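Residue-level listing of the chains:
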Amino acid sequence: MRGLTSKESDYSDMNIPLTAAEDNYGFDQGDSSPGGPSGYPPDASGRRSNSASTKLHRAPSAFKSFLANFTGPSTANQEGIRIIYLNNPERNSQSKYLHNSISTSKYNYFTFLPKFLYEQFSKYANIFFLFTACIQQIDGVSPTSRYTTAVPLAMVLFATAIKEVMEDFKRHASDSETNARKSKVLQGSQFVPRPWHAIKVGDIVRVEGGEPFPADLVLLSSSEPEGMCYIETSNLDGETNLKIKQGLPETIPLITPLEVSQIGGCIRSEQPNNSLYTFEGTLLMQTAHGHEKEVPLDPTQVLLRGAVLRNTNWIYGVVVFTGHESKLMRNASATPIKRTSVEKMTNIQIIFLFGILLAMSVASAIGNMVLTNKNVAQLTYIGATTSSWSDFGLNILTFLILYNNLIPISLMVTMEVVKFWQAQLINSDLDMYYEKTDTPALARTSSLVEELGQIEYIFSDKTGTLTCNEMEFRQCSIAGLAYADVVEDGKQARVEDGVEVGVHDFKQLDANLRNHPTSNIMYEYLTLLAVCHTVIPERQESNPNEIVYQASSPDEGALVSGAALLGFKFTTRRPRSVNIQVGQNDLEYEILNVCEFNSTRKRMSTIVRGPDKKIKLYCKGADTVILERLSSENEFVDATFQHLEDYATEGLRTLCIAMREVPEEEYQQWSQIYDRAATTIQNRGDELDKAAELIEKNLFLLGATAIEDKLQDGVPETIHTLQQAGIKIWVLTGDRQETAINIGYSCKLIQEDMSLIICNEQTHWETKEFLENKVKTIKSTYQRGDDIEPLALIIDGKTLGFALEKDIEKVFLELAVLCKAVVCCRVSPLQKALVVKLVKRNMDSILLAIGDGANDVSMIQAAHVGVGISGLEGLQAARSADFAISQFRYLKKLLLVHGAWSYQRLSKLILYSFYKNICLYMTQFWYAFYNGFSGQTVYESWTISLYNVALTVLPPLSLGIFDQYVSARMLDRYPQMYMLGQKSEFFNVKTFWGWASNAIFHSVLIFFTVSCIFKDDFIMSTGTIGGAWLMSVTLYTAVLATVLWKAALITDMWTKYAYISVPGSMIFWMGFFPLFAIIGAQIGLTPEYFGIVGPLYGQPVFWLSIVLLPLLCCLRDYGFKYVKRTFYPRTYHYVQEIQKLNIPDYRPRMERFRKAVHKVRNIQRLRRNRGFAFSQNESGTARLIRAYDTTTQKPTG
């Protein structure tokens, strides 16, 4: 781990909301020595300078020498330290530290309006409509009412604002709930409940077992021996194994409120930062003799907000960082404004469309100017005068208003409504409802639904997202015989040729323990599981007979629980012995030495003296290291390793179990070597490893264990299906490398035929060299045309820190993109977000992040789409995400079905909305050539308004909410169809302008055909002429029929809503128009339509026009569709045919063959590189467990 200083420089550009308190730590400047108490250098006048806003306070004399002589290893300079006084809230309040309230919401009362308006007017359509609404207020310019654009725009913004407020209200409610939680704070000499938002820096708090920490604390004392406590950090780093923290020896005796209230002194700490794994500071306190004592503080004493106290009754701690200055919140980023790629594409096309609109307006204004000046003498009867340049500018504005509906204002409202209902369809999908926890899927925002259909990269947490946070002892191999808790049919134990084969159940194990030739080996095997570990047994006060095992490693907890289940129950731990209960016998084993696990040794050994006074070495570890240390006489090796292969192919976590008896004389000699190594000052760890090597030899193999790190249901199938859909999956986890690799195999993220690239470098330059060499090798292989195995990149957190630096990040990304799977291990929450941002910044792809803990929030917010799992780690991720589901397997339907549907529906909706408006309003432009570019409208103004409000509003809604280009079953069966969204097949520049060109073609065909029909006006049977409004209604109805017919052509699934929206809209218009024209004319609303209904509906030309013209227009579209589907079909066309004709799928017949190949490849991979997964904690646990005595009474505090 690099020093904090380098961390700060590396992450200085992070987008994190920093609300730091003022760094005002001033003291009395009476001491004028160079190393005086202020800690600031003298200015030119010799006086000590300080912040201008800092008020000077007199410090107790005890601090003077401390501050003057402090030379600790703090990464902060003298101006970057934080002084926290113990039991002195008045002094702490003068420093004005940040409060403990948190906010994860997007808006507040002050920022809502500017942020909301900025977000809305980043959409160019809204800017255009605002501009149009403004120029409509100019007298004499607008040919329409001044409110025809302003009112709809205001309604759109208001509706969107309501939606945003409702969605952000949920975040505010979540924040309020968190801030209102209560913890006990020392007040005087007793602890009183206080809400989290009222907790301040310097407060001493009492946290009970099972409670989360309200802020970042420095541990003083606890209910456990030696001031130890267990914490769960799954919300911080994703690890479920418990961590051990320990208070300072000087503060451990403070176990009552009275004693804690009398402590004096101060904590001098680093400034708030985002490094979860580092902390530097010192504690200055007065001793019993009145002297000052300075002791260093390190991460062992720090309890971070977001962690939870486990298996410990209570702790006392001092608050050092609060609210957004806590390390958890420093790893969080502000709630971002997310915009979809479809929305961005629409924005760009609106710019081009506005350019066309402007060109049309300028051309019309030029036409008006030319015709007016040329024919001014003939136009005196209408008061026409020579057109000036000022008239030219006003005419441009007039035509802009006249043609402005080329860009449909209704599109924004329609999109918001459709997205809302698409989100409701996700919420109500019973296939994504988890009955066990009564949790449905939840779309927390409806703005991103179409983005779900274009995902190319998924960044996933492991613990709680892919796995269930549950370890279970499933199978074991003892003396060459396999045992399991559940035996599958066909695998039951039997005797063949006098040899036992197959799998026994655990009941048979219990029977064999009494009367089987291997019973003595079974006894030693189970004894090893119950004795060789660092687990601590705790008895519940409510039920003393019930034992809860406190395990820093979930694997160890599962093994000890498994031994207890099989009759070897671990009951008591003392500093130098453990007790196990076997049947009615209580057996005590003296713990002589513990050779701890580390990532180099990959094993753990315990040397014990049993009840028979014999010394035995019990060892468990990875099969590769145990095999090297076996004696030559081991008859069960082949059978055991065959079982290991079977376990590994099932995705189980395996360990080998071995032992040997150690002669007394050999042990005494070795003990002296071990003691010397334990007291070595330099390289103590290496010396202890060497000492362990001397005794861990000539082992006898007892067998193996198989633990299931239980995956969530359907995870392997989901990942496999998503990979078939062209989605690349990266796993970013805080877990150890071996654990992550093992889970990668079991969940099918890493396939058997993949080559692993493992990057564990120690320096910046080593990392750069490694990555560059790998990229060069892979590229040269591709250039030669050689076949190359699929690749999987494995990189740890330390190396990733180097890889994310500016000069290496592009190389790292290039290598990662060349790999089919990427696993980043031991990463911090901030590193997760950095990886996502790196890909987002450099790749033109849509990213999705999924996680279940607070450590995943930054990653979720950094991605284009964030999905939270409502899991065991709480609801922090789900509350911060855009979508929440309760199981990882639901991601398949969320993306492949709802995502694909939403993207295709929204694409069709946008294209159709532009099409129908261009088709109508381009006829207005063609009409300008007939009216001398006077700005006269071809349609009656209220009729124009009805077009978007009533007559064509339903088809886009029907297409956007209910249309399905293929069924959910087909999308699930053929996941490759998801690639259509990734490639933007349904909505791109080519498609958009294809639809726009088609609309222009239809408008030309309809307008000029109608113009030819009405060239010499229309003579009625009464001898009167029809006039312009007869042509207007005929033209309008023909356009309406054409766009509705087009809607029918592009509808893939005819539901009742499709029938209501398409034929229904036409029927409505034909029935509504007579009433509208007659009543409107009588009340003066539509005088243009006076007496028009009878003559219009009585003319065959009208009926022929509204039938034949749409048929003529759509004939080309139908022909194009036929040719495309017949001769140039896309993938979904085939699937539509399969669905329509109900053609059976024969691929399931290949499933058995695929599984057989899968097993063979798995075994080949295991033989090539047998792995293991051992989540044992690194060195340091043995010293702590030797302080435990579970027979003594714990203090109550």
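So, how was this worked out
Residues numbered from 1 in each chain as written. Predicted model: local features only at pLDDT ≥ 70, side-chain atom pairs only at ≥ 80, totals over all residues. Heavy atoms only, no water. Helix = DSSP H or I, 4+ residues; strand = E, 2+ residues; numbered from the N terminus. Contact = heavy atoms within 4.5 Å. Pairing = 2+ DSSP bridges. Buried < 20%, exposed > 50% of the residue type's maximum accessible area, 1.4 Å probe, protein only. Axes fitted to C-alpha atoms, helices over the stretch in contact; angles between N-to-C directions. Parallel < 35°, antiparallel > 145°, perpendicular 65-115°, else oblique. Left-handed = near helix turned anticlockwise from the far one by under 90°. Nonpolar A, V, L, I, M, F, W, Y, C, P; charged D, E, K, R; others polar. Phe/Tyr/Trp six-rings, centres within 6.5 Å; stacked < 30°, edge-to-face > 60°. Lys NZ or Arg CZ within 6 Å of the ring centre and 35° of its normal. Salt bridge = Lys/Arg side-chain N within 4 Å of Asp/Glu carboxyl O. Expected span 1.5 Å × (residues − 1). UniProt positions renumbered as here; feature names shortened; annotations may be inferred. Patch = residues over 30% accessible without salt bridge, like charges linked within 9 Å, V, L, I, M, F, W, Y side chains within 5 Å. Areas by Shrake-Rupley, 256 points an atom, 1.4 Å probe, with all protein chains shown as cover. Core = buried A, V, L, I, M, F, W, Y, C linked by side-chain atoms within 4.5 Å. pLDDT = per-residue confidence, 0-100.

### Some words on the overall build of the protein chain
A count of helices and strands for the protein chain gives 41 helices and 36 strands. Nonlocal contacts in the protein chain, meaning residues at least 24 apart in sequence, comprise 74% of its contacts between residues at least 6 apart.

### Structural notes on the sheet that holds strand 4 (residues 204–208)
Picture the strands of a sheet paired through backbone hydrogen bonds; they go either parallel or antiparallel. Pairing is antiparallel across the open sheet formed by six strands, whose spatial order is 3-2-4-13-5-11. A single partner strand is all that each edge strand has here, and the edge strands are strand 3 (190–195) and strand 11 (302–303). Bridge analysis of strand 4 against strand 13 (residues 314–321) gives five bridges, and the strand direction is antiparallel. Within strand 13, the position partnered with Val 207 by the bridge is Ile 315.

### A short note on the pairing of strand 6 (residues 228–232)
By the criterion of burial, strand 6 is predominantly enclosed, with five of the five residues buried. Across the two faces of strand 6 the burial is the same, with Met 228, Tyr 230 and Glu 232 and Cys 229 and Ile 231 all buried. Judged from the three bridges that link them, strand 6 and strand 12 (residues 308–310) form a sheet pairing that is antiparallel. The residue bridging Ile 231 from the neighbouring strand is Leu 309, located in strand 12.

### What to know about the packing of helix 33 (residues 989–1013) against helix 38 (residues 1100–1127)
At a minimum axis distance of 10 Å, the contact between helix 33 and helix 38 shows a crossing angle of 150°. Here helix 38 runs roughly antiparallel to helix 33, going by the angle between their axes. Crossing hand, helix 33 versus helix 38: right-handed. Of the residues in helix 38, those in contact with Asn 998, Phe 1001, His 1002, Leu 1005, Ile 1006, Thr 1009, Val 1010 and Ile 1013 of helix 33 are Val 1101, Ser 1105, Leu 1109, Leu 1112, Cys 1113, Arg 1116 and Asp 1117. Among the residues making up the contact of helix 33 with helix 38, the classes are represented as nine nonpolar, four polar and two charged.

### Considerations on the packing of aromatic side chains
Under the defined criterion, the tally for this structure stands at 49 aromatic pairs. Their ring planes at 45° and their centres at 5.0 Å tell us that Trp 1054 and Tyr 1059 sit as a pair that is tilted. Aromatic rings pair up to connect Tyr 939, Tyr 947, Tyr 1036, Phe 1068, Trp 1069, Phe 1072, Phe 1073, Phe 1076, Tyr 1089, Tyr 1097, Phe 1102 and Trp 1103 into one cluster. Here Arg 91 stacks its cationic end above the ring of Tyr 85, 4.4 Å away from the centre of that ring.

### As for the sheet that holds strand 32 (residues 791–796)
A sheet is described by the order of its strands in space; here nine strands give the open sequence 14-36-35-34-15-30-33-32-31, paired in mixed fashion. Looking at which strands have only one partner, the edges of the open sheet turn out to be strand 14 (442–443) and strand 31 (755–759). Bridge count between strand 15 (residues 455–460) and strand 34 (residues 846–851): five bridges; the pairing is parallel. Bridge pairing links Ile 458 to Leu 848 in strand 34.

### Digging into helix 21 (residues 737–746)
The buried fraction of helix 21 is high, at nine of ten residues. Positive backbone phi, approximately 70°, marks Lys 748, located one or two places after helix 21.

### Regarding the environment of Ala 530
Topologically, Ala 530 is positioned in helix 14 (residues 519–531). In this structure the C-alpha to C-alpha distance between Ala 530 and Ala 563, which are 33 residues apart in sequence, comes to 5.9 Å.

### A word on the environment of Arg 653
Note that Arg 653 resides in strand 28 (residues 653–661). Note: C-alpha distance between Arg 653 and Glu 708 (55 residues apart in sequence) is 6.1 Å.

### Notes on the pattern of salt bridges
Per the counting criterion, the structure on display carries 41 salt bridges. For Lys 832, the salt bridge is made with Asp 461, and the minimal N-O distance between the two is 3.3 Å. Of this pair, Lys 832 sits in helix 25 (residues 829–842) while Asp 461 sits in the loop between strand 15 and strand 16 (467–478), placing them 371 residues apart in sequence. Here Glu 628 and Arg 629 are joined by a salt bridge, their closest N and O atoms 3.1 Å apart.

### Looking at helix 18 (residues 664–678)
Spanning 15 residues, helix 18 covers 20 Å between terminal C-alpha atoms, matching the ideal 21 Å at 1.5 Å per step. Those residues of helix 18 hidden inside the fold are in contact with strand 25 (585–595), strand 26 (603–609), strand 27 (615–621) and helix 19 (684–695).

### Re unusual backbone geometry
For Asp 438, which is not glycine, the phi dihedral falls at a positive 55°. Structurally, Asp 438 can be placed in the loop between helix 12 (410–427) and strand 14. Positive phi, normally seen in glycine, also occurs at Asn 698, with a value near 50°. Residue position: Asn 698 is located in the loop between helix 19 and strand 29 (700–711).

### Description of the UniProt feature "transmembrane region" (unreviewed entry) in the protein chain
In this numbering, the UniProt entry assigns the feature "transmembrane region" (unreviewed entry) to residues 348–372, 392–413, 909–929, 949–971, 992–1014, 1026–1045, 1057–1081 and 1101–1120. Between the C-alpha atoms that bound residues 992–1014 the distance is 33 Å, and the span itself is 96% helix and 0% strand. Spanning residues 1101–1120, this segment combines 100% helix with 0% strand, and its end C-alpha atoms are found 28 Å apart.

### Considering a nonpolar patch on the surface
Together, Trp 942, Leu 1075, Ile 1078, Ile 1079, Ile 1083 and Leu 1085 make up a nonpolar patch on the protein surface, roughly 610 Å² of accessible area in all. Counting residues per element, the nonpolar patch draws most heavily on helix 36 (residues 1063–1082), which supplies three residues. Its location among the elements puts Leu 1085 in the loop between helix 36 and helix 37 (1093–1097).

### Concerning the nonpolar core
Soluble globular proteins tend to bury their nonpolar side chains together. One finds Tyr 912, Tyr 965, Ile 1006 and Phe 1073 to be the most contacted residues of the largest nonpolar core, which totals 106 residues. Ranked by residues supplied to this core, first place goes to helix 28 (residues 890–928) with 20 residues. If sequence neighbours within four positions are ignored, Ile 1006 has contacts with Cys 919, Leu 1035, Ala 1038, Val 1039, Thr 1042, Leu 1109 and Cys 1113. In this structure, Val 449, Leu 749, Val 865 and Phe 888 belong to the second largest nonpolar core, which totals 48 residues.

### Remarks on the confidence of the model for the protein chain
Any segment with low pLDDT has predicted coordinates that should not be analysed in fine detail. Per-residue pLDDT for the protein chain averages 82, and the proportion of residues at 70 or more is 84%. Ignoring residues within four places in sequence, the model shows residues 1–78, a span with pLDDT below 50, making 137 contacts including any to other chains. Per-residue pLDDT stays below 50 along residues 1166–1173; that stretch engages in 24 contacts with residues further than four places along the chain or on separate chains.

### Notes on the packing of helix 24 (residues 809–818) against helix 25
Axis separation between helix 24 and helix 25 bottoms out at 11 Å; the angle between their running directions is 85°. Between helix 24 and helix 25, the crossing angle belongs to the class labelled roughly perpendicular. Side by side, helix 24 and helix 25 meet where Glu 809, Lys 810, Phe 812 and Leu 813 of the first sit next to Leu 838, Val 839, Arg 841 and Asn 842 of the second. Here the residues of the contact of helix 24 with helix 25 are counted per class, giving four nonpolar, one polar and three charged.

### Quick notes on the side chain of Ser 447
For Ser 447, the location among the structural elements is in the loop between strand 14 and strand 15. In this structure Ser 447 comes out as buried when scored by relative accessible area, which is 17%.

### Details of the environment of Cys 1114
With respect to the secondary-structure elements, Cys 1114 resides in helix 38. Cys 1114 sits in the buried class, given a relative accessible area of 4%. Not counting chain neighbours up to four residues away, the residues in contact with Cys 1114 comprise Thr 1042, Trp 1045, Lys 1046 and Leu 1049.

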